[in-house]
Amino acid sequence: RRPDVLVLSGPFVDYTHKDIALGKLDVTFETQYASVIHTIEQKLSQTSTRIVIIPSPNDAHHDCVFPQAPCRLASATRTEFLPNPGTFTVNDITF
């Protein structure tokens, strides 16, 4: 059975990662983030799983201010982007 909801909290492109800190990433932070989100959407494309993304202050591709705005990706079609902190509801339960 597949999950009904997948909640992922960043960092998705962690600025403390050794390769990122040393500048060894071959693409922009934004491109890497888009790649991560698209991979998740692709893997779940044949399911009805709801995808929820919450940013982290350690995300290199996103402003490090708190509270954080959602880090939306225009090309993502199946993903719900939330702020940090933020709330969402599943089966009438608010998290």
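Rules behind the numbers
Residues numbered from 1 in each chain as written. Predicted model: local features only at pLDDT ≥ 70, side-chain atom pairs only at ≥ 80, totals over all residues. Heavy atoms only, no water. Pairing = 2+ DSSP bridges. Helix = DSSP H or I, 4+ residues; strand = E, 2+ residues; numbered from the N terminus. Axes fitted to C-alpha atoms, helices over the stretch in contact; angles between N-to-C directions. Core = buried A, V, L, I, M, F, W, Y, C linked by side-chain atoms within 4.5 Å. Buried < 20%, exposed > 50% of the residue type's maximum accessible area, 1.4 Å probe, protein only. Contact = heavy atoms within 4.5 Å. Phe/Tyr/Trp six-rings, centres within 6.5 Å; stacked < 30°, edge-to-face > 60°. Salt bridge = Lys/Arg side-chain N within 4 Å of Asp/Glu carboxyl O.

**Notes on the sheet that holds strand β1 (residues 5-9)**
The pairing of strands in a sheet happens through backbone hydrogen bonds and is either parallel or antiparallel.
Here is step 1 of the chain: Spatial strand order, β1-β2-β3: three strands in an open sheet with parallel pairing. What marks the edges here is a single partner per strand, and that holds for β1 and β3 (79-81). Each adjacent strand pair in this sheet contributes to an overall mean axis angle of 20°, direction not counted.
Here is step 2 of the chain: Here strand β2 (residues 50-54) runs beside β3; their pairing, made up of three bridges, is parallel. Pairing of I51 across the sheet is with T79, part of β3.

**With respect to the nonpolar core**
Here is step 1 of the chain: Of all hydrophobic cores here, the largest spans 14 residues; its most connected members are Y33, I37, I51, I53, L73, A76 and F81.
Here is step 2 of the chain: Broken down by element, this core gets its largest block of residues, four residues, from helix α2 (residues 29-43).
Here is step 3 of the chain: Excluding residues that lie within four positions of it along the chain, I53 makes contacts with L8, F12, Y33, I37, T79, E80, F81 and L82.
Here is step 4 of the chain: Core analysis: the next-biggest nonpolar cluster, separate from the first, contains five residues, V52, I54, F88 and V90 among them.

**Here's the deal with the pairing of β2**
Here is step 1 of the chain: The element β2 is extensively covered by neighbouring structure, given that four of its five residues are classed as buried.
Here is step 2 of the chain: The sheet contact formed by β1 and β2 spans five bridges and is parallel. Opposite L8, over in β2, you have I53 as the bridge partner.

**Some details on the packing of aromatic side chains**
In this description, an aromatic ring pair is defined by two values, namely the gap between the centres and the angle between the planes.
Here is step 1 of the chain: Inspection of the entire model under this criterion finds two aromatic pairs.
Here is step 2 of the chain: Taking 5.9 Å as the distance between ring centres and 65° as the angle between the ring planes, the aromatic pair formed by F12 and Y33 counts as edge-to-face. Of this pair, F12 sits in the loop between β1 and α1 (18-21) while Y33 is found in helix α2, placing the two residues 21 residues apart along the sequence.
Here is step 3 of the chain: Taking the centre distance of 5.4 Å and the plane angle of 25° together, the rings of F88 and F95 count as stacked.

**Brief notes about the pattern of salt bridges**
Here is step 1 of the chain: Going through the model one piece at a time under the given rule, you end up with one salt bridge.
Here is step 2 of the chain: Between E80 and R50 there is a salt bridge, and its shortest N-O distance comes to 3.0 Å. You can see E80 sitting in strand β3 and its partner R50 sitting in strand β2, a full 30 residues away along the chain.
Here is step 3 of the chain: With relative accessibility at 30%, the residue E80 sits in the partly exposed group.

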